[in-house]
Amino acid sequence: MKLPKKVTVKEVGPRDGLQNEKERVATEDKIAWIDSLSETGVSYIEVSSFVHPKWIPQLADAAEVLKAIKRKKGVTYAALVPNIRGLDRALEVDVDEVSIFMSASEGHNRSNINKSIEETYPILEEVVKEAKQAGKRVRGYVSTVIACPYDGPVSPSQVRTVADQLFSMGIDELSLGETIGVAVPTQVEQLLDELLLHFDSEKLAMHFHDTRGTALANIVKSLEMGITIFDSSLGGLGGCPYAKGASGNVATDDLVYMLHELGIETGIDFQSLMKSGQLIETALGKQLKSWQMDILRAEGRGEYHE
């Protein structure tokens, strides 16, 4: 098995995980959690989203959170931005990196953004242009890269078309979102076979949801194909609105455990990661779904042993 020596794990729990939580999490708890994540060795934290508060009330305090967190040198603090108004708010609090988003499928794009794919491009292009002029890195997200809850299977060529448009706008990196968590490694291979013909592996990240329990298998396939950037959410925090009871992103703790056991460096301290997981679990008042958090609870102690 040919594997990379080092991988970058991007923690998206404070945004992608919390936005799916129905119970409001106190701003001070979010700040404390993000500060604890900063001490784990992760180099990237997606802090929040500057979408209109009526769409995601949970993240209405994005500016307040970004103002209050203790920024650690070497850590990128990013936020999701839907349009130029959201960008203005994000720049006011000096976000490190701007993330834009759209879907590879028409059905999901219309449901999520309320616009067609073609109508979305000029909006995002304006955001990328302004963010770049402000000296910010820009990350693109493309959702439903394998399948769509409305349109069904999504072809690799559909994903490539969207990726072409986003890279032509000037984004620095593209995260490929397996939004509904139904993919298996052969489908991931087909997708990457297409994309790696046209884009450098260093500019692609994988964003797997674990709805069917196949996320880690898909990550191994991605590793074999040269991908070294992965999004994850501590404890598997979050959910999928299209699959009742389903888990959210692949759990950061499960991912880091696997990577370390494979001999791949992440720069993350596992013990600190588990303590951070306990912190947000307490704030939420419910158990997180990752395997590592289950083991920690089963052992009945506050210290995890790999």
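Please refer to the structure higher up on the page.
Remember, predicted model here, so these are calculated numbers, not experimental data.

Enquirer: Where do I start with the layout of surface pockets in this structure?
Expert: Over the atoms, a rolling probe the size of a water molecule traces out where space has been left empty. The calculated volume of the largest pocket comes to roughly 1300 Å³. Going through the elements one at a time, helix 1 (13-17), helix 4 (84-92), helix 5 (106-113), helix 6 (117-133), strand 5 (137-143) and strand 8 (173-178) are the ones with two or more residues in the lining of the largest pocket. The element best represented in the lining of the largest pocket is helix 5, accounting for four residues. In terms of residue class, the lining of the largest pocket is made up of 16 nonpolar, 18 polar and nine charged.

Enquirer: What am I meant to see in unusual backbone geometry here?
Expert: Where the residue is not glycine, phi is negative for most of them; where a peptide bond is considered, it is trans in most cases. A positive phi is found at D94, a non-glycine position, where the angle reads about 55 degrees. With respect to the secondary-structure elements, D94 resides in the loop between helix 4 and strand 4 (97-103). Under the relative-accessibility criterion, D94 is labelled partly exposed at 42%. Positioned with a positive phi, N114 is a non-glycine residue whose angle comes to about 65 degrees. With respect to the helices and strands, the residue N114 is situated in the loop between helix 5 and helix 6. Assessed through its relative accessible area of 66%, N114 is described here as exposed.

Enquirer: What's the story with empty space enclosed by the protein in this structure? I'm lost.
Expert: Taken as a whole and assessed by the stated rule, the structure comprises one cavity of 30 Å³ or more. The computed volume of the largest cavity comes to approximately 50 Å³. Contributing to the lining of the largest cavity are P14, L18, K30, W33, I34, V47, S48, L59, D61 and V65. Residue assignment for the lining of the largest cavity shows that the elements contributing at least two residues are helix 2 (27-38) and strand 2 (44-49). In terms of residues, the lining of the largest cavity owes the most to one element, helix 2, which gives three residues. Of the residues belonging to the lining of the largest cavity, the class tally is seven nonpolar, one polar and two charged.

Definitions and cut-offs
Residues numbered from 1 in each chain as written. Predicted model: local features only at pLDDT ≥ 70, side-chain atom pairs only at ≥ 80, totals over all residues. Heavy atoms only, no water. 1 Å grid on protein atoms, 1.4 Å probe; cavity = no way out; pocket = protein on both sides within 12 Å on 5 of 7 lines; lining within 4 Å. Points joined across faces, edges and corners; volume = space filled by probe spheres on them. Helix = DSSP H or I, 4+ residues; strand = E, 2+ residues; numbered from the N terminus. Nonpolar A, V, L, I, M, F, W, Y, C, P; charged D, E, K, R; others polar. Buried < 20%, exposed > 50% of the residue type's maximum accessible area, 1.4 Å probe, protein only.

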